[in-house]
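A look at the structure
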Amino acid sequence: MTDGRRKWVTLISAALVAPIFAATLTATVLAFVMFPELIFQTEITSGVYRQATLREIATSLVGFSFVGLFLGIMLGWPSMFIGGLSLHTFFLRRRMTSVMTYGLAGLVAGTLVMLAYFMVTGGWRTPMTVLQMGPALVSGPITGLLSASIFWLIRRPDRILHP
């Protein structure tokens, strides 16, 4: 594989993989925080619960992972292709290639994407909704930080020769 082709393959791989992996990981961890009863309990009959088996816990976590996968595709890819790759080009031209720079940019981008998502879906209608969705609001910046860091690890812009 030629050097130019390798650069394109790593760029495309990083842009496609990073948002999905970050959103899937965040959704799975968020499930532990927001919905532990859906993971660790199983409803037998109406109002009667028992402790979930390992297989049922794994099934629940896979379900939450698919939610993260869906959000990574629907929110992560557009924000990566619109904002992330533009910032990547900007950072390369300015020789700002540290993981901290990318992580901070991802944190800001994730915050903006989550705020826009809540505005579009009507999550701001009542104050109680905002208070109940606190961990979900934090998931945007965390996902942005993870996505940018994973992008940096795959692409390694600090190893790109500057013109």
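Up top is the structure these notes are about.
Calculation notes
- Residues numbered from 1 in each chain as written.
- Predicted model: local features only at pLDDT ≥ 70, side-chain atom pairs only at ≥ 80, totals over all residues.
- Heavy atoms only, no water.
- Helix = DSSP H or I, 4+ residues; strand = E, 2+ residues; numbered from the N terminus.
- Expected span 1.5 Å × (residues − 1).
- Bend = angle between axes of the 7 residues up to and from the residue.
- Buried < 20%, exposed > 50% of the residue type's maximum accessible area, 1.4 Å probe, protein only.
- Contact = heavy atoms within 4.5 Å.
- Axes fitted to C-alpha atoms, helices over the stretch in contact; angles between N-to-C directions.
- Left-handed = near helix turned anticlockwise from the far one by under 90°.
- Salt bridge = Lys/Arg side-chain N within 4 Å of Asp/Glu carboxyl O.

Thoughts on helix H3 (residues 54-93)
Helix length check: H3 (40 residues) gives 50 Å between terminal C-alpha atoms against 58 Å at 1.5 Å per residue, more than 12% under. Maximum bend of H3: about 45 degrees, positioned at Met80. Restricting attention to buried positions, one finds in H3 the residues Ile57, Ser60, Leu61, Phe64, Gly68, Gly72, Gly76, Met80, His88, Phe91 and Leu92. Buried-residue contacts for H3 involve helix H1 (3-34), helix H2 (36-40), helix H4 (99-121) and helix H6 (134-155). Backbone geometry just downstream of H3 places Arg95 in the positive-phi region, at approximately 60 degrees.

Re the packing of H3 against H4
Remark: H3 packs on H4, axes separated minimally by 11 Å, with the N-to-C direction vectors making an angle of 145 degrees. Handedness of the crossing formed by H3 with H4: right-handed. Here Leu75, Ser79, Leu87, His88, Phe91 and Leu92 of H3 come into contact with H4, specifically with Thr101, Tyr102, Ala105, Val113 and Tyr117.

Regarding the pattern of salt bridges
This structure, assessed with the given rule, holds two salt bridges. In this structure, the salt-bridge partner of Arg50 is Glu56, at a minimum N-O distance of 2.8 Å. Of the residues examined, Arg50 reaches a relative accessible area of 32% and is grouped as partly exposed. For Arg156, the salt bridge is made with Asp158, and the minimal N-O distance between the two is 2.7 Å.

Limitation: the analysis is restricted to geometry and does not speak to function.
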